[in-house]
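Residues per chain are reported as follows:
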Amino acid sequence: MSLDLLELLPAGWRDLMKPHLDLEIVHKLEAFVEAEYAAGPVYPPLPDLFTAFRLCSPEAARVLILGQDPYFKEGQAHGLSFSVRPGVSIPPSLRNVYKELREDLGVTPPTNGDLTGWASDGVLLLNAVLTVRAGKAASHANKGWEHFTDAAIAALNAMPRRVVFVLWGSYARKKAVLVTNPQHKIVEAGHPSPMNPAGFLGSKPFSQTDAALIEAGLPPVRWV
């Protein structure tokens, strides 16, 4: 049976994203992704492909944190941007995220890299590209995923209540043009990678996000 991405997508997201999707692009993406999983290994595992959408419903989503593509080492990617499962070594970018969380809000970060709690509290932890071939960063870029995830951003942009779009790094910041609804808030900073020596640490994205939510009458995020 051929891969049907829209069938795998939770119904609430499917209904909101479908008007923004070109089905011809989606079908080409499906054929590519199916062939890549068959050739394997590809991350995240197929059952984890839409974890971000499954854990954070459209009704709950009030923050988007956008990554570029999944981690490409075995056991790391599980469908949430920047996140790894408990027991997996915390990647350097996430260590910087945790460092900034402590400095910004005084929050003691988790002892593991699992951000499932954030996702369950209304943070859509989305990568722009949702799959990657093992060991090859950005190997699934420009195959149609960007169109698919832009549709998720468009769906959030159409929300009748505020959504905070957290864009870290030049790649993510290019997506700011998709946020046209003036009630929303964009929080930008450099990428948290240690390869980026300036622009993230000290940017206070967590307090900015919470302030924007509270201003709109929404609860702040439970960052622990």
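Looking at an unreviewed UniProt entry, the protein carries the name Uracil-DNA glycosylase, with the source organism given as Dactylosporangium siamense. One UniProt comment on the protein, placed under Catalytic activity (unreviewed entry), says "Hydrolyzes single-stranded DNA or mismatched double-stranded DNA and polynucleotides, releasing free uracil." UniProt, in its Sequence similarities (unreviewed entry) section for the protein, records the words "Belongs to the uracil-DNA glycosylase (UDG) superfamily. UNG family."

With that out of the way, let us pick up the side chain of Asp210. With respect to the secondary-structure elements, Asp210 resides in helix H9 (residues 205-215). For the buried Asp210, which has no salt bridge, the nearest side chain bearing the opposite charge is Arg62, at an N-O separation of 6.7 Å. For Asp210, the contacting residues outside a window of four places in its chain are Leu105, Pro220, Val221 and Trp223.

On to the UniProt feature "active site" (unreviewed entry) in the protein, then. The residues that UniProt annotates with the feature "active site" (unreviewed entry) are Asp69. Within the secondary structure, Asp69 sits in the loop between strand S2 (63-67) and helix H5 (92-105). Residues within four places of Asp69 in sequence aside, it is in contact with Asn127, Val129, Val132, Ala137, Ala138 and Ser139. In terms of polar contacts, Asp69 uses its side chain to reach the backbone amide nitrogen of Ala138, at 2.7 Å.

Attention shifts here to the UniProt feature "domain: Uracil-DNA glycosylase-like" (unreviewed entry) in the protein. Under the local residue numbering, the UniProt record ascribes the feature "domain: Uracil-DNA glycosylase-like" (unreviewed entry) to residues 54-213. With 30% helix and 14% strand, residues 54-213 has its two end C-alpha atoms placed 22 Å apart.

So, about the pairing of strand S5 (residues 164-168). Taking burial as the measure, the 5 residues of S5 include 5 buried ones, the bulk of the element. Side chains Val164, Val166 and Trp168 project from S5 onto one buried face, and the interleaved Phe165 and Leu167 project onto a second face that is buried too. Sheet topology places S2 next to S5; 4 bridges connect them, and they run parallel. Paired with Leu66 across the two strands is Leu167, which belongs to S5. Pairing geometry for S5 and strand S6 (residues 185-189), over 5 bridges, is parallel. From the neighbouring strand, Leu167 faces S6, where its bridge partner is Glu188.

Here is what the cut-offs are and how they apply
Residues numbered from 1 in each chain as written. Predicted model: local features only at pLDDT ≥ 70, side-chain atom pairs only at ≥ 80, totals over all residues. Heavy atoms only, no water. UniProt positions renumbered as here; feature names shortened; annotations may be inferred. Helix = DSSP H or I, 4+ residues; strand = E, 2+ residues; numbered from the N terminus. Buried < 20%, exposed > 50% of the residue type's maximum accessible area, 1.4 Å probe, protein only. Lys, Arg positive; Asp, Glu negative; His and termini not counted. Salt bridge = Lys/Arg side-chain N within 4 Å of Asp/Glu carboxyl O. Contact = heavy atoms within 4.5 Å. Polar contact = N/O pair within 3.5 Å; in protein donor to acceptor, adjacent residues only side chain to side chain. Pairing = 2+ DSSP bridges.

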